Amino acid sequence: MLEILNAGGGVVTPKPPPPGPSDLIGGSITQGFYGEVPAADLITGPSLATLVGLTAGDSINPNEPWLKFALGNKTLFVARKALRCNLSWVNLNALGIVTGKLVTIGERQYIVRLLDGGSSQTNNPTGFDRIESYYTEWNRLLYHVAGKPFANSSNTLASEGLTEGDWAKYTEAQLGMVNGVAGCGSWVMKIRTNFHYGYLRGEVGVSYMRNVDNGTPSLYHGWRPCLELVN
């Protein structure tokens, strides 16, 4: 095993590489996609919920793989589908896992949080390809791995000039974005300014967003965590 000396003269064993592929299959180091990481190589949904103390809601898709992305020189792991449903944004925020909670998984540290998926507007944004969603992490990552055909013809990604499915071509079923499926709407980070409303993304397609009371749990309100690699 490789060993190195630290500044104090002691022996340090290097950490293993982060889970998953190390070569990008689409995009660049500033915005790209490495591929899938099996839950067994990172963490399962139930284990992550236990780690952050999340008991609200119901476990779904317990062994769902993770999608490994590069964004702004950071490495992000995003659950391919929601890992829990029947919970509210308030449930997640109470545990600090909306904007970020530091955890250790294996030999590495991660920030457990939600994806940024909407701006803090005071209007009522609901629909496909909304301006309130532009330039968010959700759009910049998941649009590139969502492949056509889409179930709803209004599910357009054209306004930002993004190309859907140019890194990978996951179906809506593979991404858990099918209307009526448990956890089809994923809570995202921001809420509407001065209102008790949050945003759900993906309920009826990757570009869809809906404005909903952030304290309301539902079968269709899901937890799709993002793990941001720290070290």
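Thresholds, definitions, all that
Starting afresh in each chain, residues are numbered from 1 along the sequence in its written order. Local features in a predicted model are, by the rule used here, given only for residues with pLDDT of at least 70; side-chain atom pairs are given and counted only at 80 or more, and totals for whole chains, interfaces and linings are based on all residues. The basis for the side-chain values is all heavy atoms of the structure; hydrogens and waters are excluded. With a 1.4 Å probe rolled over the protein chains alone, any residue whose accessible area is under 20% of its type maximum counts as buried; one over 50% counts as exposed, and the rest are partly exposed. Only DSSP runs of H or I covering at least 4 residues are called helices, and only runs of E covering at least 2 are called strands; the numbering of each starts at the N terminus. When DSSP finds two or more bridges between two strands, those strands count as paired. For this document, the term salt bridge refers to a Lys or Arg side-chain nitrogen within 4 Å of an Asp or Glu carboxyl oxygen. The criterion used for residue contact is that any of the two residues' heavy atoms lie within 4.5 Å. Each axis is a line fitted through C-alpha atoms, taken for helices only over the stretch in contact, and angles between the N-to-C directions span 0 to 180 degrees. Any pair of Phe, Tyr and Trp rings, taking the six-membered ring for Trp, is counted once the centres come within 6.5 Å. Such a pair is stacked with planes under 30 degrees apart, edge-to-face with planes over 60 apart, and tilted for the rest.

Draft legend 1. Quick look at the pairing of strand β12 (residues 185-191). For β12, the buried fraction is high: five of the seven residues fall into the buried class. When β12 meets strand β15 (residues 221-223), the two strands line up parallel, connected through two bridges. Bridge pairing links serine 186 to glycine 222 in β15. Sheet analysis places β12 next to strand β13 (residues 197-201), joined by three bridges and oriented antiparallel. Its bridge partner being in β13, isoleucine 191 is matched across the sheet by glycine 198.

Draft legend 2. Spotlight on the pairing of strand β7 (residues 74-79). Most of β7 is tucked away: five of the six residues are buried. Count of turn residues in the strand β6 (residues 66-71)/β7 antiparallel hairpin: two residues, of which glycine 72 carries a positive phi of about 60°. Note that β7 and strand β16 (residues 226-229) share three bridges and pair antiparallel. Pairing of leucine 76 across the sheet is with glutamate 228, part of β16.

Draft legend 3. View of the pattern of salt bridges. Taken as a whole, this structure holds nine salt bridges when the rule is applied. Taking the shortest distance from any N to any O, the salt bridge between lysine 148 and glutamate 164 comes out at 3.7 Å. With lysine 148 in the loop between α3 (137-142) and β12 and glutamate 164 in the loop between α3 and β12, this pair connects stretches of sequence that are 16 residues apart. With a closest N to O distance of 2.6 Å, glutamate 203 and arginine 210 form a salt bridge.

Draft legend 4. Region of interest: the sheet that holds strand β14 (residues 208-213). Spatially, β5-β8-β15-β12-β13-β14-β11 is the arrangement adopted by the seven strands of the open sheet, whose pairing is mixed. What marks the edges here is a single partner per strand, and that holds for β5 (58-59) and β11 (127-128). The sheet contact formed by β5 and strand β8 (residues 84-85) spans two bridges and is antiparallel. Directly across from serine 59, in β8, lies its bridge partner arginine 84. Seen against the sheet, helix α1 (residues 45-52) touches β5, β8 and β15 and runs at an angle of roughly 80° to β15.

Draft legend 5. How the structure looks around the packing of aromatic side chains. One pass over the structure, following the stated rule, counts six aromatic pairs. Both rings, one in phenylalanine 33 and one in tyrosine 170, keep their centres 6.4 Å apart while their planes meet at 80°; by these two values the pair is edge-to-face. One end of the pair, phenylalanine 33, is in strand β4 (residues 31-37); the other, tyrosine 170, is in the loop between α3 and β12, and 137 residues separate them in sequence. Classification of phenylalanine 33 as buried rests on a relative accessible area of 1%.

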